[in-house]
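The lines below spell out each chain.
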Amino acid sequence: MAQHYFNTTNEEGKDLETSEKNALRQEDYIKEFFTRNVGKSFSPDEIHKAIIELHNAPLTSVRRAITNLTNDGVLEKTQLQKIGLYKKKTFTWTLKPQPTNQTSLF
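Definitions and cut-offs
- Residues numbered from 1 in each chain as written.
- Predicted model: local features only at pLDDT ≥ 70, side-chain atom pairs only at ≥ 80, totals over all residues.
- Heavy atoms only, no water.
- Helix = DSSP H or I, 4+ residues; strand = E, 2+ residues; numbered from the N terminus.
- Buried < 20%, exposed > 50% of the residue type's maximum accessible area, 1.4 Å probe, protein only.
- Contact = heavy atoms within 4.5 Å.
- Areas by Shrake-Rupley, 256 points an atom, 1.4 Å probe, with all protein chains shown as cover.
- Pairing = 2+ DSSP bridges.
- Salt bridge = Lys/Arg side-chain N within 4 Å of Asp/Glu carboxyl O.
- Core = buried A, V, L, I, M, F, W, Y, C linked by side-chain atoms within 4.5 Å.
- Expected span 1.5 Å × (residues − 1).

Visitor: Can you explain the overall build of the chain? Please cite residues and give values.
Guide: Of regular secondary structure, the chain possesses 3 helices and 2 strands. Listing each helix as α and each strand as β along the chain from the N terminus yields α-α-α-β-β. Looking at the chain as a whole, 35% of its 106 residues are labelled buried. Considering only intrachain contacts with a sequence separation of at least 6, the fraction spanning at least 24 residues in the chain is 44%. When the accessible area of the chain is evaluated, it comes to approximately 7600 Å², of which 53% is carbon and sulfur surface.

Visitor: Quick rundown of unusual backbone geometry? Include the residues and the values.
Guide: What you tend to see is this: most non-glycine residues have negative phi, and most peptide bonds are trans. Even without glycine at this site, Lys87 takes up a positive phi of about 60 degrees. Along the polypeptide, Lys87 turns up in the loop between strand 1 (75-83) and strand 2 (89-95).

Visitor: Hey, could you go over the pairing of strand 2 for me, with residue numbers and the actual values?
Guide: In terms of strand pairing, strand 1 meets strand 2 through 6 bridges, oriented antiparallel. Considered in strand 2, the bridge of Leu75 is made with Leu95.

Visitor: Before we move on, can you summarise the pattern of salt bridges with the specific residues and values?
Guide: This structure, assessed with the given rule, holds 4 salt bridges. Across the pair Glu27 and Arg64 runs a salt bridge, and its minimum N-O distance is 3.1 Å. Taken together, the positions of Glu27 in helix 1 (residues 13-36) and Arg64 in helix 3 (residues 59-71) put the pair 37 residues apart, joining distant regions of the chain. Of the charged contacts, one joins Lys82 and Glu46 as a salt bridge, the two residues approaching to 3.0 Å between their closest N and O atoms. Of this pair, Lys82 sits in strand 1 while Glu46 is found in helix 2 (residues 44-50), placing the two residues 36 residues apart along the sequence.

Visitor: I'd like a description of the nonpolar core, backed by residues and values.
Guide: Counting 16 residues, the largest nonpolar core has Ile30, Phe34, Ile47, Val62 and Leu75 as its most contacted members. Every element with two or more residues in this core is listed here: helix 1 and helix 3. In this structure Leu75 touches Ile30, Phe34, Ile66, Leu69, Thr70, Trp93, Thr94, Leu95 and Lys96, once residues within four positions along its chain are discounted.

Visitor: Outline helix 3, supporting the account with residue identities and numerical values.
Guide: Spanning 13 residues, helix 3 covers 18 Å between terminal C-alpha atoms, matching the ideal 18 Å at 1.5 Å per step. All of the buried residues in helix 3 are Leu59, Ser61, Val62, Arg64, Ala65, Ile66, Asn68 and Leu69. In the segment just after helix 3, Gly73 is the residue with positive phi, at about 80 degrees.

Visitor: Got a sec to walk through the environment of Lys89? Specific residues and values, please.
Guide: Assignment of secondary structure puts Lys89 in strand 2. Between the C-alpha atom of Lys89 and that of Ser43, which follows or precedes it by 46 residues, the distance is 9.6 Å. In contact with Lys89, other than residues within four places in its own chain, are Gln81, Lys82 and Ile83.

Visitor: How would you explain the environment of Gly39 if you had to name every residue and give the values?
Guide: Residue placement: Gly39 occurs in the loop between helix 1 and helix 2. What makes Gly39 exposed here is its relative accessible area of 69%. When the C-alpha atoms of Gly39 and Leu95 are compared, they prove to be 7.1 Å apart, with 56 residues separating the residues in sequence.

Spelled out as structure tokens, the structure:
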């Protein structure tokens, strides 16, 4: 399981707990966004603009959440690139197809 919040500022107690919950919530928002947009790919900039910006989270948090969701097998990086916020090419991600547990009827 991925580390969700990277405590680089040495938070403790309630502050650390709140930061960890926020990081998990950001990952939930992003996973839900991709679930609603199956088959489409998005850059971190697009995800930030579409959902996280509404929740007052920085672009770096979007990138952290995408990395965690990729490491957890939820998202996969594509080879498609789009022009990002800083006029540079940036990769996109899509929802990773999940295997189905269908049993054979025959």
